[in-house]
Amino acid sequence: MRVKDMPAGDQPRERLLAGGATALADRELLALLIGSGSRGTNAVELASHLIAHCGDLHGLARSDAHRLMRVPGIGPAKAARVIAAFHLVRQAQSEPERRRVTCSGDLAAVVAPLLRGLGHERVVAVVCDPSGAVTRTAIVSEGGSDHAPAPVREIMSVVLTSGGSSFGLAHNHPSGSLDPSPADLAVTDRLRDAAETVGLRFLDHLIVTDTTWRRVPCDPSPASCPEDPASGSRRTRGG
């Protein structure tokens, strides 16, 4: 029987969407990767043949495309999808530990690559987990040469949908000025209040130029790395 002819509740894709990946057997997960079966063999059966051909999942993960294509019904496209999936897993496992934001300087180092060298203003939100590890960096708006909107509702939505427990905000000033505008001060206060309302920790709001950064005043103050007492700014790491 073809997979698409099965009752909807038995089809791997529908079961994954309803119950998550753990609801599926290995052969069903692999069937979703290869996408379709071959003549007389549905995708789940073909996935079982492929696993058996390689011995087990570990053998499958170590196999090259030529070995996979020895299984009848596995052509270049299906083999490539399987190889690519296992390579992505290895890439994810080999990535260095996520950066952590423990002070304003850490936040500046995370956002600086996204804000330097621009001729227009950009607003970036950084979402962190309870340990301070960065889980998401999102560009929330783009603007003109001297202004970019910082939509509080959208920023909070980004943090909440990302499952964050803390967040920081930063935007650039293409002019090189580190002076916060009245709008910068206002959005900082609104974000602090919104974070308190929903039980999140608001880390900081930074103004970033090509070489320096400065905190937008907000009380109570978050933990900050040492700043230049004359300007209230500090060069970003690597800047």
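A brief structural summary. (Residues numbered from 1 in each chain as written. Predicted model: local features only at pLDDT ≥ 70, side-chain atom pairs only at ≥ 80, totals over all residues. Heavy atoms only, no water.)

With that out of the way, let us pick up the pattern of salt bridges. As enumerated under the stated definition, the model contains seven salt bridges in all. When the shortest N-O distance is used, the salt bridge between Arg122 and Glu142 registers 3.0 Å. Residue Arg122 is found in strand β1 (residues 122–128), and its partner Glu142 is found in strand β2 (residues 134–142); the two are separated by 20 residues along the sequence. For Arg122, a relative accessible area of 15% corresponds to the buried category. Given the relative accessible area of 40%, Glu142 is considered partly exposed. Measuring nitrogen to oxygen at the nearest pair gives 3.6 Å for the salt bridge that ties Asp189 to Arg192. Of this pair, Asp189 and Arg192 both sit in helix α9 (residues 182–198), three residues apart, which is roughly one turn of the helix. (Salt bridge = Lys/Arg side-chain N within 4 Å of Asp/Glu carboxyl O. Helix = DSSP H or I, 4+ residues; strand = E, 2+ residues; numbered from the N terminus. Buried < 20%, exposed > 50% of the residue type's maximum accessible area, 1.4 Å probe, protein only.)

Counting residues in each nonpolar core, the largest one holds 20 residues, and the members touching the most others are Met156, Phe167 and Leu191. At the level of secondary structure, the elements contributing two or more residues to this core comprise β1, β2, α8 (152–161), β3 (166–172) and α9. Looking at this core element by element, the count peaks at five residues for α8. Setting aside chain neighbours within four positions, we find Met156 in contact with Phe167, Leu191, Ala194, Ala195, Val198 and Leu200. With 16 residues, the next largest nonpolar core counts Ile34, Leu50, Leu60 and Val71 among its residues. (Core = buried A, V, L, I, M, F, W, Y, C linked by side-chain atoms within 4.5 Å. Contact = heavy atoms within 4.5 Å.)

Counting buried residues along β1, seven of its seven residues qualify, which places the element largely inside the surrounding structure. Of the two faces of β1, the one carrying Arg122, Val124, Val126 and Cys128 and the one carrying Val123, Ala125 and Val127 are both buried. Sheet topology places β1 next to β2; seven bridges connect them, and they run antiparallel. Bridge assignment links Val124 to a residue of β2, and that residue is Ile139. (Pairing = 2+ DSSP bridges.)

Our next topic: the packing of helix α1 (residues 12–19) against helix α2 (residues 26–34). Packing of α1 against α2 brings their axes to within 9 Å, and their N-to-C directions diverge by 110°. Considering their axes alone, α1 and α2 lie roughly perpendicular with respect to each other. Crossing hand, α1 versus α2: left-handed. Between α1 and α2, the contacting residues are Pro12, Arg13, Arg15 and Leu16 on the first element and Glu28, Leu29 and Leu32 on the second. The residue makeup of the contact of α1 with α2, split by class, is four nonpolar, no polar and three charged. (Axes fitted to C-alpha atoms, helices over the stretch in contact; angles between N-to-C directions. Parallel < 35°, antiparallel > 145°, perpendicular 65-115°, else oblique. Left-handed = near helix turned anticlockwise from the far one by under 90°. Nonpolar A, V, L, I, M, F, W, Y, C, P; charged D, E, K, R; others polar.)

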